[in-house]
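Read off the chains here:
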Amino acid sequence: MNRTFIIYAILISLFITTLGFFFYFYQQVQIFDKKLEETNSSETRSSKHHFVLIGEEMGHDYWRLVGEGAKKAESRYDVVVQYEGPKRSNPDEQLKLFDMAIKSKVDGIIIQALNDEFTPMINKAVKKGIPVITIDTDAPESMRSTYIGTDNYKAGQMAGQALIEDTDGKAIIGIVTGGMDKDNHQHQLRLEGFKDTIAQVEGIKIVAMAESNLSRVKAEEKAYEMLTEHDDITAFYGTSSLDGMGIVAAANNLNKNDLYVMTFDTLTENIRLLKKGKIDAIVGQQPFEMGEKSIEIMLDLLTGNSVQDVYQTNVTIIRTSDLPLKGSERMGLLD
Ligand code: BGC
């Protein structure tokens, strides 16, 4: 086999692979467009505006609430909302869906801007004339029109303050965080706010921290490891929805019945554990309102109404004494 033959073989296979990628991507955009058309014709034929909302995880209870809020707004206005997201948390897949929405020339995109890689994509959409709203997690440096959601730094501070009050300023803490990556805007802010607050109290220290990657099973695994390596841990702070459930499962396995557990989000299972006294406090966000408001504000943008730079949704600390939940905190709960 001579060298020329080998070079030709490499070039031809490169060409075939590139062609393969091209067709794959083309096909994905076609599928996306088809879904868009189907949503359009099955839901409302006269709809003027077509929005795509891209969440973090389709099957997740928190994102189900965001979607339900958006669908409620959809039923009130002349719009079609296509709700998309990866099955499991996967920022690369979110970015692909984002790119497809841009290529499909939708009228507005609502996206959770999980990390720095979302900024260029947001800017690309805006430069092509598609307004972008960030939801749940912001990208303030991008060209997005507005952010709707929790002030994640403040939520971390509130969690820290509640923990100080509930433990009388004495706690040895393990942290389970959705993502430790410094690029992960949301969890970084929730951690920073928390750490800055507890740093003011001498009797509180953090001895261990691990990443759950938003998985309940991984949260359990990490909490179990922490509790076996540091048997002096008295409290846990979980920065995403499923962390508290994992921490409680690990504590049950090790018969640690007096741990203080704080987690995020009023999901049905978290409320059940709060009622049972297994979770002590929940940082409650407003996912339903985020979804609903995102559609209303997108319509404002398209009709030329002025919008704020940020719409902060409410954050509350919920303890057993605050049950049963009332009003907007109950929105979309399953029980
Ligand atoms: C966050 C969401 C995240 C969810 C996952 C929530 O606290 O706000 O961004 O997808 O937790 O568990």
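Note that the structure is predicted; figures quoted are calculated from it, not measured.

1. Focus on a nonpolar patch on the surface
- A surface patch of nonpolar side chains, about 1100 Å² in accessible area, is lined by Phe5, Ile6, Ile7, Tyr8, Ile10, Leu11, Ile12, Leu14, Phe15, Ile16 and Leu19.
- Following the sequence through the fold, isoleucine 12 ends up in helix 1 (residues 3-43).

2. Remarks on the packing of aromatic side chains
- What the rule picks out here adds up to three aromatic pairs.
- A centroid spacing of 5.4 Å and a plane angle of 75° characterise the contact between tyrosine 62 and tryptophan 63, whose relative ring orientation is edge-to-face.
- Classification of tyrosine 62 as buried rests on a relative accessible area of 4%.
- Here the aromatic rings of phenylalanine 194 and tyrosine 237 are separated by 3.9 Å at their centres, their planes lie at 15°, and the arrangement is stacked. You can see phenylalanine 194 sitting in helix 6 (residues 185-198) and its partner tyrosine 237 sitting in strand 8 (residues 235-238), a full 43 residues away along the chain. Note on accessibility: phenylalanine 194 and tyrosine 237 belong to one class, buried.
- In textbook terms, an aromatic cluster arises when at least three aromatic residues are bridged by ring pairs, as seen for Phe194, Tyr237 and Phe264.
- Directly above the aromatic system of phenylalanine 264 lies the positively charged group of arginine 190, at a separation of 4.0 Å from the ring centroid.

3. Concerning the pairing of strand 5 (residues 146-149)
- Along strand 5, one buried face is formed by Thr146 and Ile148 and the opposite face, lined by Tyr147 and Gly149, is buried too.
- Pairing of strand 4 (residues 132-135) with strand 5, which is carried by three bridges, proceeds in the parallel orientation. Opposite isoleucine 135, over in strand 5, you have isoleucine 148 as the bridge partner.
- Examined bridge by bridge, strand 5 and strand 11 (residues 310-312) share three bridges and lie parallel to one another. By the bridge assignment, glycine 149 is partnered in strand 11 with glutamine 312.

4. Comments concerning the pattern of salt bridges
- Scanning the entire structure with this criterion turns up 16 salt bridges.
- Glutamate 57 is the salt-bridge partner of arginine 88, the closest N and O atoms lying 2.6 Å from each other. Remark: glutamate 57 occurs in the loop between strand 1 (49-54) and helix 2 (61-76) and arginine 88 occurs in the loop between strand 2 (79-84) and helix 3 (91-103); sequence separation between them is 31 residues.
- Of the residues examined, arginine 88 reaches a relative accessible area of 38% and is grouped as partly exposed.
- Taking relative accessible area as the criterion, glutamate 57 reaches 7% and is therefore assigned buried.
- The partner of glutamate 292 in a salt bridge is arginine 76, and the shortest N-O contact between them spans 3.0 Å. Separated by 216 residues along the polypeptide, glutamate 292 in helix 10 (residues 287-302) and arginine 76 in helix 2 bring together distant segments of the chain.
- Shared partners join several salt bridges into a network, and the residues in it are Lys72, Arg76, Glu292 and Glu296.

5. Observations regarding a negative patch on the surface
- A cluster of acidic side chains, namely Asp92, Glu93, Asp116, Glu117, Glu141 and Asp181, defines a negative patch on the protein surface.
- Mapped onto the fold, aspartate 181 is located in the loop between strand 6 (171-177) and helix 6.

6. Overview of the sheet that holds strand 10 (residues 281-284)
- What the six strands build is an open sheet, ordered 7-6-8-9-10-12; its pairing is mixed. Sheet topology places strand 7 (204-211) and strand 12 (316-319) at the edges, where each strand pairs with a single neighbour. Shown here is a sheet whose adjacent strand axes are inclined to one another by a mean of 20°, direction ignored.
- In terms of strand pairing, strand 9 (residues 260-264) meets strand 10 through three bridges, oriented parallel. Each bridged residue has a counterpart across the sheet, and for threonine 263 the counterpart in strand 10 is isoleucine 282.
- Where helix 7 (residues 216-229) meets the sheet, its contacts fall on strand 6, strand 7 and strand 8, and the angle it forms with strand 7 comes to roughly 135°.

7. Thoughts on the nonpolar core
- Within the largest apolar cluster, 46 residues are counted, with the highest numbers of intra-cluster contacts made by Phe236 and Ile295.
- Residues in contact with phenylalanine 236, not counting those within four places in the same chain, are Gly174, Ile175, Val176, Ala223, Met226, Leu227, Ile247, Leu259, Tyr260, Val261 and Met262.
- Core analysis: the next-biggest nonpolar cluster, separate from the first, contains 21 residues, Ala159, Ile164, Ile175 and Phe264 among them.

8. As for the sheet that holds strand 4
- Strand order across the open sheet formed by six strands is 2-1-3-4-5-11, with parallel pairing between neighbours. Here the strands that pair on one side only, and so sit at the sheet edges, are strand 2 and strand 11. Pairwise comparison of adjacent strand axes, ignoring direction, gives a mean angle of 20° for this sheet.
- Relative to strand 2, strand 1 runs parallel, the two being bridged by six bridges. Opposite histidine 50, over in strand 2, you have valine 80 as the bridge partner.

9. Comments concerning the site of the ligand
- The environment of the ligand is made up of 14 residues, and the closest members are Glu56, His60, Trp63, Asp136 and Asp265.
- Tryptophan 63 has a polar side-chain atom sitting 2.7 Å from an oxygen atom of the ligand.
- Side-chain polar atom of arginine 190 to an oxygen atom of the ligand: 2.9 Å apart, as the coordinates give it.
- Notes on the ligand: free accessible area 310 Å², of which the protein chains cover 100%.
- Elements represented by at least two residues in the shell around the ligand include exactly helix 2 and helix 6.
- Considering only residue class, the shell around the ligand consists of four nonpolar, six polar and four charged.

Here is what the cut-offs are and how they apply
Residues numbered from 1 in each chain as written. Predicted model: local features only at pLDDT ≥ 70, side-chain atom pairs only at ≥ 80, totals over all residues. Heavy atoms only, no water. Patch = residues over 30% accessible without salt bridge, like charges linked within 9 Å, V, L, I, M, F, W, Y side chains within 5 Å. Areas by Shrake-Rupley, 256 points an atom, 1.4 Å probe, with all protein chains shown as cover. Salt bridge = Lys/Arg side-chain N within 4 Å of Asp/Glu carboxyl O. Helix = DSSP H or I, 4+ residues; strand = E, 2+ residues; numbered from the N terminus. Phe/Tyr/Trp six-rings, centres within 6.5 Å; stacked < 30°, edge-to-face > 60°. Buried < 20%, exposed > 50% of the residue type's maximum accessible area, 1.4 Å probe, protein only. Lys NZ or Arg CZ within 6 Å of the ring centre and 35° of its normal. Pairing = 2+ DSSP bridges. Lys, Arg positive; Asp, Glu negative; His and termini not counted. Charge placed at Lys NZ, Arg CZ, Asp CG, Glu CD. Axes fitted to C-alpha atoms, helices over the stretch in contact; angles between N-to-C directions. Contact = heavy atoms within 4.5 Å. Core = buried A, V, L, I, M, F, W, Y, C linked by side-chain atoms within 4.5 Å. Near = heavy atom within 4 Å. Polar contact = N/O pair within 3.5 Å; in protein donor to acceptor, adjacent residues only side chain to side chain. Nonpolar A, V, L, I, M, F, W, Y, C, P; charged D, E, K, R; others polar.

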